[in-house]
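So you can see what is in the structure, the chains are spelled out below.
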Amino acid sequence: MGFDVVLYSREGRKLRLIELTEHLHNEIFDSNKMWRSYSELRRLSDYYLTDEIFSGERLSNLISDLNNYKLFISVNKLNEYEEFIKQISRSDIGKVHIAGD
């Protein structure tokens with residue numbers, strides 16, 4: 001089971017629910033990778049304790065972290081990873097709530 005990712009409009013209206021899959025989470029937070037260096041991204045590392053809301057500067061920083069971290073993602077997961085970034089980067093998104101299991 002992956003992370004539930006709820007996307008909200010700038011007015012606070014729930015737009016949609018997407019999933020950050022368990023496989024993609026494992027890909028991002030593989031122990032051999034440099035994820036600890038990314039301040040917002042590392043908040044998503046604990047699969048069972050994550051319950052984060054990103055908006056404003058924090059959301060911008062998360063998107064920046066994800067874009068900068070792209071070089072550590074394997075080719076077979078890159079499309080899924082980029083689609084996740086695309087979904088949370090949409091211009092109508094004002095807030096993103098990410099919750100683990």
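Above: the structure in question.
Just so it is clear, the model here is predicted, and its values are computed rather than measured. (Residues numbered from 1 in each chain as written. Predicted model: local features only at pLDDT ≥ 70, side-chain atom pairs only at ≥ 80, totals over all residues. Heavy atoms only, no water.)

Draft legend 1. Focus on the environment of Phe-72. Along the chain, Phe-72 turns up in the loop between α2 (56-69) and α3 (75-89). Under the relative-accessibility criterion, Phe-72 is labelled partly exposed at 27%. Each C-alpha atom of the pair Phe-72 and Ile-28 lies 7.7 Å from the other, and the pair is 44 residues apart in sequence. Setting aside anything within four residues of it in sequence, one finds Phe-72 in contact with Glu-27, Lys-33, Met-34 and Tyr-38. (Helix = DSSP H or I, 4+ residues; strand = E, 2+ residues; numbered from the N terminus. Buried < 20%, exposed > 50% of the residue type's maximum accessible area, 1.4 Å probe, protein only. Contact = heavy atoms within 4.5 Å.)

Draft legend 2. The packing of aromatic side chains, seen in detail. Overall, the coordinates contain three aromatic pairs when judged by the stated rule. A ring pair is formed by Phe-29 and Trp-35, whose centres lie 5.2 Å apart and whose planes are at 80°; its orientation type is edge-to-face. Accessibility classification places Phe-29 together with Trp-35 in one group, the buried group. Note on Tyr-38 and Tyr-69: the rings are 5.2 Å apart at their centroids and 80° apart in plane angle, and the pair reads as edge-to-face. Placement of the pair is Tyr-38 in the loop between α1 (22-28) and β3 (51-55) and Tyr-69 in helix α2, with a sequence separation of 31 residues. Judged by relative accessible area, which is 15%, Tyr-38 ranks as buried. (Phe/Tyr/Trp six-rings, centres within 6.5 Å; stacked < 30°, edge-to-face > 60°.)

Draft legend 3. Representation of the sheet that holds strand β1 (residues 3-9). Pairing in this open sheet of four strands is antiparallel, and the strands run β2-β1-β4-β3 from one edge to the other. The strands lining the two open edges of the sheet, one partner per strand, are β2 (14-20) and β3. Here the average twist between neighbouring strands, direction ignored, is 20°. For β3 and strand β4 (residues 93-99), the ladder comprises five bridges, and the chain directions are antiparallel. (Pairing = 2+ DSSP bridges. Axes fitted to C-alpha atoms, helices over the stretch in contact; angles between N-to-C directions.)

Draft legend 4. Layout of the pattern of salt bridges. For the coordinates displayed, the defined rule picks out six salt bridges. One salt bridge connects Glu-40 with Arg-58, and the closest N-O pair in it is separated by 3.1 Å. Separated by 18 residues along the polypeptide, Glu-40 in the loop between α1 and β3 and Arg-58 in helix α2 bring together distant segments of the chain. The salt bridge partner of Asp-92 is Arg-90, with a shortest N-O separation of 2.7 Å. Salt bridges sharing partners connect three or more residues here, namely Glu-40, Arg-43, Glu-52 and Arg-58. (Salt bridge = Lys/Arg side-chain N within 4 Å of Asp/Glu carboxyl O.)

Draft legend 5. Spatial organisation of the pairing of β2. Inspection of the sheet shows β1 paired to β2 by six bridges, in the antiparallel sense. Bridge assignment links Tyr-8 to a residue of β2, and that residue is Lys-14. Taken together, β1 and the strand that follows it, β2, pair antiparallel across an intervening segment of four residues, in which Gly-12 is found at a positive phi of about 90°.

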